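Examining the three-dimensional arrangement
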Amino acid sequence: MELTENLLLQYQDKKTIRIVYFEHLSSIIFAIDMDNKRWPYAINKDELFSEYQDGKIVILKKDPYIQNVVEEKLSSAEKERRNHGWDIVNYLLQQVESEHLIFKVQYRNQAIKQAMNLYKVSYNTVKNYLIRYWRGGKIRNGLLPAFNLCGSKGMERISSDKKRGRPLKSGAKQGVNVDDKIKKYFRVGLNRYYYNERQNSLKTTYELILKDFFTDTKVDMNGKEVPVLKDPSKIPSYHQFLYWYKKFNDSKKEIINRKGTRNYFLNHRSLLGNSTQDAGLGPGTLWQIDSTQFDIYLVSSVDRNLIVGRPTVICCIDVYSKMIVGINVTFESFNSYTSVMVALANSMTSKKDYCLQYGIQLEENEWEVACVPQKIFADRGELNGKQIEDAIAGLGISVQNAPPYRADYKGVIEQAFAQLNIKVKPFAEGVVKNGKNIIERGGEDYRLKANLTIDEFTRILIKCVLFHNNHHILSEYILDEVMIEEGIEKIPAKIWDYGVKKMKGQLRILPEKTVRMHLLPTDTASITSRGVRYKKMLYASNYSMKNNWYQLARINGSKKIKIWYDPRDLSNIYTINEDGEFHKLTLLEHLTKYKNRGIDEIEQIINYEESLDSKTKEKELQQKMKLYDDIQAIVDQGKKKTEMEKDESLSKAERLKGIRDNQRQEKDLQRELVRSRQKDLKMDSQTLIGSQENQIQDDELSMFRSIQQLDWADGIE
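Report follows, based on the coordinates. Everything quoted here is computed from the prediction, not taken from an experiment. (Residues numbered from 1 in each chain as written. Predicted model: local features only at pLDDT ≥ 70, side-chain atom pairs only at ≥ 80, totals over all residues. Heavy atoms only, no water.)

This part takes up the side chain of Thr-205. Structurally, Thr-205 can be placed in helix H6 (residues 202-213). Reaching out from Thr-205, the side chain makes a polar contact with the backbone oxygen of Ser-201 at a distance of 2.8 Å. Not counting the four nearest positions on each side in its chain, Thr-205 is found in contact with Gly-189, Leu-190, Tyr-193, Tyr-194, Asn-200 and Phe-241. (Helix = DSSP H or I, 4+ residues; strand = E, 2+ residues; numbered from the N terminus. Polar contact = N/O pair within 3.5 Å; in protein donor to acceptor, adjacent residues only side chain to side chain. Contact = heavy atoms within 4.5 Å.)

See below:
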């Protein structure tokens, strides 16, 4: 049994626990009971292994406690509660020097008191957030409120004139219910008076909103128009305004609009240190990610005569061991959300199927890295954007961005790119010379030598990664005294294995479907009577067929659904079914030409087929013109003959009379004509065969006479 963070174990009495912390160096293990709201407790490693070997404990492969939800379907209240809890949990973890201290009472209570004072919440609130965080797999969605278990979900509240909420103790007038119109006033007022450089207070903003939308104009004694507040029963209170402000407010937008973008990035954005901070704790603690345009030109996988340009390579590397944990090769632009997310998904999931896609069979322990890191360090481009930040934060990962103009902060990943270039350049054609994409005057255009497709180049790159991880010697790597004593080789895989066993780094495991749901790009597909249609391809699954997706689509029409997909291989796509499960749809068998192909290659195939169809349609149209001309000629000839033989003395009734008899006579005539033609054809064939036999006999006789003359001439000599 290999112990990893987030591992679920179940006892014979059905008690289930989750390992929330495991330190290999000291064998410290903390677990939490999934059925009780109690703090995590320490477990003896030897006892745990003993009970597992005796069959008293089993490992649960399916994790029913991790919530997979579609972000767009969450209400603003759910997001607000979740994000509030997430802020509190992150604050608590930052108050302790090392994560294992949060499990010790004295350190935990001290951090909780600080959180209570800062966030104005009770002890039980903080405790509940922490326990839900650990039980939910240490990801942000584990803090979602269980709104699905209460209330009347999906049912609209019946509005009335009666004021909602408890009566005021002062006996003052109750005020007004906030409807959509008043919400609109709040939004307009916030944008007009609060989200700007004037930095008005919320109280002032509220008063200005009342002035604009809740006053009537009256004329005073001097004939001057003055604003007068409406009746208090028709005015929302300041507390109501604050309530909706908190719902509407985007803290990032607030800071940028009130204090400026520079202030936000300087003082409020998470910058948690340099590129190597905390990497010494062990594998999986800190990863670096970067992208580069590789120095090689590739050809189209559909038509090798077409040069398609230089690929972008995104690489993710573990800072502690220097092991390359994931890659992505694409034609997407730099800092593309899709390409970066796919590279991260590749880093956190099994590489077996990915390598098989390119015909590479991995050996045991050759590239078995499939964990979720604690932190990811990137350039200011790769992970810059709210969509990317939310996706990564959803997996419980902290993001660090490099300061501008500090390439030295990402030296680990830059060195990995350099090593990959060095290994590929001596053998490949179409390589950029001297690292400069410039063709010298009179020189040969190296781009014309390109001969590798993106699949072939990816296969080469995977081979290079496997060599780097398992055989490349890190001559600059500094071993500590213990590593030297144990004879650890300066090879990434060896350092990784040592770190997993001896260091404090924790390999946190999440279900693959959870990783895919957070990181894979999304799109919209259609459920049709022929299957789930996406980009001219059709998909199906056992679940979809059992639940009559396609039969219902034939009856009720097609239906749009949200899907997740891997741009490197569209053999499968993923969706959320009616049971809330993240499940796989597979490409139909008759579309195998698209199997194991990426989205770029499939689009090339589709475009190539469309261009062929276009050319064929031009030829078809030309031949159709000729066909029309031939038909017209035959019609004109028949019309001319009919006009010549037409008997004008016959009436219309006489011409229409006896059509059946005329048809029978015509049928007999046609049969007679067919027999006559077959007889003539047979006679012509016999005549031809006879003439050929006579010709052969004449040729043989002529040859015989020539031989005799030759022999006679030889005899005379």
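Generally speaking, a soluble globular protein has its nonpolar side chains buried in company with each other. Core analysis: the biggest nonpolar cluster contains 68 residues, and Ile-289, Leu-344, Met-348, Trp-367, Phe-457 and Ile-462 have the highest contact counts within it. It is helix H14 (residues 454-470) that provides the largest number of residues to this core, a total of seven residues. In this view, Phe-457 contacts Phe-294, Ile-296, Leu-298, Pro-311, Val-313, Val-329 and Val-424; residues no more than four positions away in its chain are not counted. Counting 27 residues, the second largest nonpolar core, distinct from the first, contains Leu-8, Trp-86, Tyr-91 and Trp-134. (Core = buried A, V, L, I, M, F, W, Y, C linked by side-chain atoms within 4.5 Å. Buried < 20%, exposed > 50% of the residue type's maximum accessible area, 1.4 Å probe, protein only.)

In this section: the environment of Met-545. Tracing the backbone shows Met-545 in helix H18 (residues 542-546). By relative accessible area, which is 49% here, Met-545 ends up partly exposed.

In this section: the sheet that holds strand S3 (residues 28-33). Strands belonging to one sheet form pairs held by backbone hydrogen bonds; the direction of such a pair is parallel or antiparallel. Read across the open sheet, the five strands follow the order S4-S3-S2-S1-S5; overall the sheet is antiparallel. Edge positions in the sheet fall to strand S4 (41-42) and strand S5 (57-59), since each of these pairs with one other strand and no more. The sheet contact formed by strand S1 (residues 8-11) and S5 spans three bridges and is antiparallel. Looking across to S5, one finds that Gln-10 is bridged to Val-58. Taken strand by strand, helix H1 (residues 45-53) contacts S1, strand S2 (16-23), S3 and S5, and its axis lies near 85° from that of S5. Relative to the sheet, helix H4 (residues 123-135) contacts S2 and S3, its axis offset from that of S3 by approximately 105°. (Pairing = 2+ DSSP bridges. Axes fitted to C-alpha atoms, helices over the stretch in contact; angles between N-to-C directions.)

One pass over the full model with this rule turns up 23 aromatic pairs. Taking 5.8 Å as the distance between ring centres and 35° as the angle between the ring planes, the aromatic pair formed by Trp-244 and Phe-248 counts as tilted. On the criterion of helical spacing, the pair formed by Trp-244 and Phe-248 is a turn pair, its members being four residues apart in helix H7 (residues 238-248). Judged on exposure class, the residue Trp-244 and its partner Phe-248 are both buried. A network of ring pairs unites the aromatic residues Tyr-21, Phe-30, Trp-39, Phe-103 and Trp-134 as a single cluster. (Phe/Tyr/Trp six-rings, centres within 6.5 Å; stacked < 30°, edge-to-face > 60°.)

What follows covers the sheet that holds strand S17 (residues 537-540). In spatial order, the strands read S15-S16-S17-S20-S19-S18; together these six strands close into a barrel with antiparallel pairing. Sheet twist, expressed as the mean angle between neighbouring strand axes with direction ignored, is 45°. Against the sheet, helix H17 (residues 512-519) touches strand S18 (559-566), strand S19 (569-576) and strand S20 (582-587), its axis set at about 80° to S20. Lying over the sheet, helix H19 (residues 549-556) contacts strand S15 (522-528), strand S16 (531-534), S17, S19 and S20, oriented at roughly 75° with respect to S15.

A separate point is empty space enclosed by the protein. Evaluation of the coordinates by the stated rule reveals two cavities of 30 Å³ or more. Of the pockets and cavities examined, the largest cavity occupies roughly 230 Å³. The wall of the largest cavity is formed by 22 residues, among which Val-329, Ile-454, Pro-567, Gly-598 and Asp-600 lie closest to the centre. Taken together, the elements giving at least two residues each to the lining of the largest cavity come down to strand S12 (324-330), helix H10 (337-348), H14 and helix H20 (599-645). Grouping the constituent residues of the lining of the largest cavity by class yields eight nonpolar, nine polar and five charged. (1 Å grid on protein atoms, 1.4 Å probe; cavity = no way out; pocket = protein on both sides within 12 Å on 5 of 7 lines; lining within 4 Å. Points joined across faces, edges and corners; volume = space filled by probe spheres on them. Nonpolar A, V, L, I, M, F, W, Y, C, P; charged D, E, K, R; others polar.)

Counted by the stated rule, this structure contains 13 salt bridges. With a closest N to O distance of 3.0 Å, Glu-5 and Lys-138 form a salt bridge. One end of the pair, Glu-5, is in the segment before S1; the other, Lys-138, is in the loop between H4 and helix H5 (180-194), and 133 residues separate them in sequence. For Glu-5, a relative accessible area of 4% puts it in the buried group. With a shortest N-O distance of 3.4 Å, Lys-626 and Asp-630 are connected by a salt bridge. Highlighted residues: Lys-626 and Asp-630, both in helix H20, separated by four residues, approximately one helical turn. What you see here is one network of salt bridges that share partners, running through Glu-5, Glu-99, Lys-138 and Arg-508. (Salt bridge = Lys/Arg side-chain N within 4 Å of Asp/Glu carboxyl O.)

Moving on: the pairing of S3. Across the six residues of S3, five count as buried, placing the element largely inside the fold. Where S2 and S3 come together, six bridges link them in antiparallel fashion. Within the sheet, the bridge partner assigned to Tyr-21 lies in S3 and is Phe-30. As judged from the two bridges shared by S3 and S4, these two strands associate in the antiparallel manner. The residue of S4 that forms the bridge with Phe-30 is Ala-42.

Although it is not a glycine, Asn-365 adopts a positive phi angle of roughly 65°. In this structure, Asn-365 sits in the loop between helix H11 (352-356) and strand S13 (375-378). Note on Asn-365: relative accessible area 53%, which makes it exposed.

Right, let's talk about a nonpolar patch on the surface for a bit. A surface patch of nonpolar side chains, about 570 Å² in accessible area, is lined by Leu-621, Met-625, Leu-627, Tyr-628, Ile-631 and Val-635. Mapping Met-625 onto the fold places it in helix H20. The partly exposed category is assigned to Met-625, whose relative accessible area is 43%. (Patch = residues over 30% accessible without salt bridge, like charges linked within 9 Å, V, L, I, M, F, W, Y side chains within 5 Å. Areas by Shrake-Rupley, 256 points an atom, 1.4 Å probe, with all protein chains shown as cover.)

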